[in-house]
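Next come the chains, spelled out residue by residue.
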Amino acid sequence: MDKIVIEGGHPLKGVVKISGAKNAALPIIAAGLLTGGRHRLLNIPRLRDIRTIRYIMEKLGTVFQEAGDVLEVNSDNLTAHEAPYELVKTMRASILLLGPLLARLGRAKISLPGGCAIGARPINLHLKALVSMGADIYMEHGYINATAKHLKGADLFFDIPTVTGTENILMAAVTARGTTTLRNAANEPEIKDLAKMLSAMGADIEGAGTDTIVIHGVDHLTPCEHTVIPDRIEAGTFMIGAAITGGDVHVNGCRPEHLTALTEKLRQTGTEVTIEDGGIRVQGPESIESVDIKTMPFPGFATDLQAQFMALMSVAKGWSMFRETVFENRFIHVSELRRLGADIEINGNQALIKGRERLLSAPVMATDLRASASLILAGLVAEGGLTEVHRIYHLDRGYEAIEDKFNGLGAKIRREKGPVV
Ligand code: EPU
């Protein structure tokens with residue numbers, strides 16, 4: 001298996017261009033199932049998760065054409081309605097096919113996503129809402145079998161704001177009969193982006209980006225052109241990279257309004273963060289101050305940046321406390337950061353970090369996508385040799401051309417091919 005090898009000690013300097021958001025592109029590509037005709041999607045990142053959703057949709061009959069970051073999606077002839085276990089187990093976001101398949105074909109068979117490294121991640125709220133909209137759903141042999149002659153609008157409430165749950169219901173409701181009101185909806189920017197695309201297709205949606213979304217079902221959708229928002233988590237990872245290495249990076253093409261919680265926390269560490277035309281400039285401090293972090297749904301501090309920020313706090317002055325409130329098991333990076341010398345204690349959903357003067361290089365193992373990014377950031381400052389990050393296939397799921405982007409900023413990172421095991 002491939003590994004990434006990092007020589008620490010090189011401050012990041014220069015300009016990095018942020019790619020399209022993985023977590024916006026996935027539902028937006030899935031929404032291409034809702035109608036026939038040719039959708040033109042721009043700013044699609046080249047990532048493994050994107051290839052996975054395309055592959056599943058090709059099995060359903062969707063035809064794709066790709067040119068650079070432009071993806072054309074044509075679902076004129078859907079011939080199947082099943083997302084099989086072999087593919088869903090590699091990407092939980094395959095559940096995003098449930099809503100649009102049910103809306104378009106009146107049936108869907110999707111392998112039930114299992115738990116993953118960061119938590120059990122149930123989908124009960126997606127299913128309960130679809131049942132309230134008239135779907136008939138049962139489980140058999142590890143598959144969700146859903147049918148609905150015609151979905152109908154409903155008054156829905158999520159116990160917990162769920163991102164992909166909100167997206168699934170949005171896609172299911174746009175052509176449902178009547179009005180759907182979704183309360184305690186998630187309001188992440190990726191949801192607003194999906195709603196923008198659906199509206200360009202002719203959907204009637206109010207309130208996306210707030211916790212109450214009202215969707216008036218329409219009879220007919222048409223294909224559209226849509227540009228995906230920039231990836232705020234990729235941007236945040238490079239911002240933290242600039243801070244941890246004492247560098248000076250212009251993070252271009254990101255949306256500062258999607259990164260306010262991180263910006264605020266970075267400023268408290270002594271990092272200079274300047275909003276500029278076309279992006280954000282981040283200048284790392286001489287010495288990093290400790291701050292506490294509590295992950296929250298948007299606009300709070302993103303759980304998807306928690307691991308990366310923990311790498312930063314591992315080399316800060318003093319103590320910091322992290323509280324992970326979104327996922328129950330999202331500290332799996334801690335034992336690997338410890339291998340680099342980080343001083344971290346975990347107690348339930350809290351982690352107490354005592355900043356160290358330095359981290360020391362070591363071989364480490366990536367355990368999920370954002371954990372991988374955290375280990376790379378730690379490797380950028382680890383002293384005394386090379387840090388090797390193993391199992392980097394996680395990284396390729398969600399970061400486009402990551403070595404090129406870091407090396408373009410002056411880091412010394414290379415990918416080494418390893419034997420297939
Ligand atoms: N939850 C339930 N029942 C449900 C759905 C969710 O209890 O039916 C719980 C989850 O277990 C979790 C919380 O609600 O504790 C929030 O989970 P959510 O459903 O919002 O997460 P998700 O939709 O599965 C998306 C992103 C994740 C990101 C989270 C939180 C995509 C494809 N994935 O997941 O991204 O961490 O929202 O912001 O959009 C990543 O990119 O690395 C990643 C994990």
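Residues numbered from 1 in each chain as written. Predicted model: local features only at pLDDT ≥ 70, side-chain atom pairs only at ≥ 80, totals over all residues. Heavy atoms only, no water.

Caption draft 1: Molecular detail of the domain arrangement of the chain. With domains assigned, the chain is organised as domain 1 (3–18 + 230–416) and domain 2 (22–224). The C-alpha-based centres of domain 1 and domain 2 are spaced at 31 Å. For the pair domain 1 and domain 2, the summed buried surface comes to about 1700 Å²; carbon and sulfur atoms form 47% of the total. In terms of surface lost to domain 2, no three residues of domain 1 exceed Phe298, Arg397 and Glu400, which account for 35% of the buried area on that side. We note a salt bridge from arginine 46 to glutamate 400, for which the minimum N-O separation is 3.3 Å. If you tally residues by element for the side of domain 1 that touches domain 2, the top one is helix α13 (residues 393–398), at 5 residues. A per-class count over the side of domain 1 that touches domain 2 returns 8 nonpolar, 5 polar and 10 charged. (Domains from an automatic or database assignment. Buried area = accessible area lost by both parts, 1.4 Å probe. Salt bridge = Lys/Arg side-chain N within 4 Å of Asp/Glu carboxyl O. Helix = DSSP H or I, 4+ residues; strand = E, 2+ residues; numbered from the N terminus. Nonpolar A, V, L, I, M, F, W, Y, C, P; charged D, E, K, R; others polar.)

Caption draft 2: Structural detail: the layout of surface pockets. Its boundaries defined by the atoms lining it, the second largest pocket holds a volume of some 340 Å³. For the second largest pocket, the lining is made up of 21 residues, of which Ile244, Glu286, Ile288, Val315 and Glu357 are closest to its centre. Along the lines of polarity and charge, the residues of the lining of the second largest pocket split into 10 nonpolar, 5 polar and 6 charged. (1 Å grid on protein atoms, 1.4 Å probe; cavity = no way out; pocket = protein on both sides within 12 Å on 5 of 7 lines; lining within 4 Å. Points joined across faces, edges and corners; volume = space filled by probe spheres on them.)

Caption draft 3: Molecular detail of the pattern of salt bridges. Scanning all chains against the criterion turns up 22 salt bridges. Notably, a salt bridge pairs aspartate 2 with lysine 417, separated by 3.2 Å at the nearest N-O pair. Here the residue aspartate 2 occupies a position in the segment before β1 (3–7), and lysine 417 occupies one in the segment after β24 (412–416), the gap between them amounting to 415 residues. For aspartate 2, a relative accessible area of 19% puts it in the buried group. The partner of arginine 281 in a salt bridge is aspartate 248, and the shortest N-O contact between them spans 2.7 Å. Taken together, the residues span a long stretch of sequence, with arginine 281 in strand β17 (residues 279–283) and aspartate 248 in strand β15 (residues 248–252) at a distance of 33 residues. By relative accessible area, which is 25% here, arginine 281 ends up partly exposed. Residues joined in a network through salt bridges with shared partners are Asp2, Asp396, Glu403, Arg415 and Lys417. (Buried < 20%, exposed > 50% of the residue type's maximum accessible area, 1.4 Å probe, protein only.)

Caption draft 4: Just the environment of leucine 337, in detail. Here leucine 337 lies in helix α11 (residues 334–339). For leucine 337, a relative accessible area of 1% puts it in the buried group. For the pair formed by leucine 337 and asparagine 407, sequence separation is 70 residues and the distance between their alpha carbons is 22 Å. With residues up to four places along the chain from it excluded, the contact list for leucine 337 reads Met310, Ala311, Ser314, Ala342, Ile344, Ser374, Leu375 and Ala378. (Contact = heavy atoms within 4.5 Å.)

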